[in-house]
Amino acid sequence: TLGELSLAYFKYMTEHETDKCIFLIDQPEDHISNNNISKKLLRYFNSIRAKRQIIMVTHNPLLVVNQDVDQVLFIRKKGDGIDVISGCLEYEDGDTNILNIIAQNMDGGKDSIEKRLKVYGKENRLDDAAV
């Protein structure tokens, strides 16, 4: 399938390109089922993260919530320009809550976050405030 080919390609590109330290990828979840994202793609990215900087653009909350991401950048159009909100996954202050941003702007984000919080035995920290 296209998803299996994508997984094989990612592995090939990172295992045979030893002189590069940044892995930049746009929507790695395309053509890969949620089951294979959970079982294979997440495991793969976690296995290379110690050797490479991974920068990805994604619309899939599984790839954001189920990895120990160092930095989330949420970019949206605002008027004639763009607005960028950033922080680690757990970052929150009076104006920004990264988990809420993911929950409100990614399809399935709230469910993914709530499942992840249950793994850590934490109460739901999401609110319904708009970003």
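Residues numbered from 1 in each chain as written. Predicted model: local features only at pLDDT ≥ 70, side-chain atom pairs only at ≥ 80, totals over all residues. Heavy atoms only, no water.

Quick notes on the packing of aromatic side chains
What the rule picks out here adds up to four aromatic pairs. Between the aromatic rings of Phe10 and Phe23, the centroid separation amounts to 6.3 Å while the plane-to-plane angle is 75°, which identifies the pairing as edge-to-face. Of this pair, Phe10 sits in helix H1 (residues 2-15) while Phe23 sits in strand E1 (residues 22-26), placing them 13 residues apart in sequence. On the basis of relative accessible area, Phe10 is assigned to the buried category, the value being 9%. We classify Phe23 as buried; its relative accessible area is 11%. On the basis of an interplanar angle of 50° and a centroid distance of 6.3 Å, the ring pair of Phe23 and Phe45 is categorised as tilted. On the criterion of sequence distance, the pair formed by Phe23 in strand E1 and Phe45 in helix H2 (residues 34-48) is long-range, its members being 22 residues apart. (Phe/Tyr/Trp six-rings, centres within 6.5 Å; stacked < 30°, edge-to-face > 60°. Helix = DSSP H or I, 4+ residues; strand = E, 2+ residues; numbered from the N terminus. Buried < 20%, exposed > 50% of the residue type's maximum accessible area, 1.4 Å probe, protein only.)

Digging into helix H4 (residues 98-105)
Counting buried positions over the eight residues of H4 gives six, a clear majority of the element. Taken residue by residue, H4 has Ile98, Leu99, Asn100, Ile101, Ile102 and Ala103 as its buried positions.

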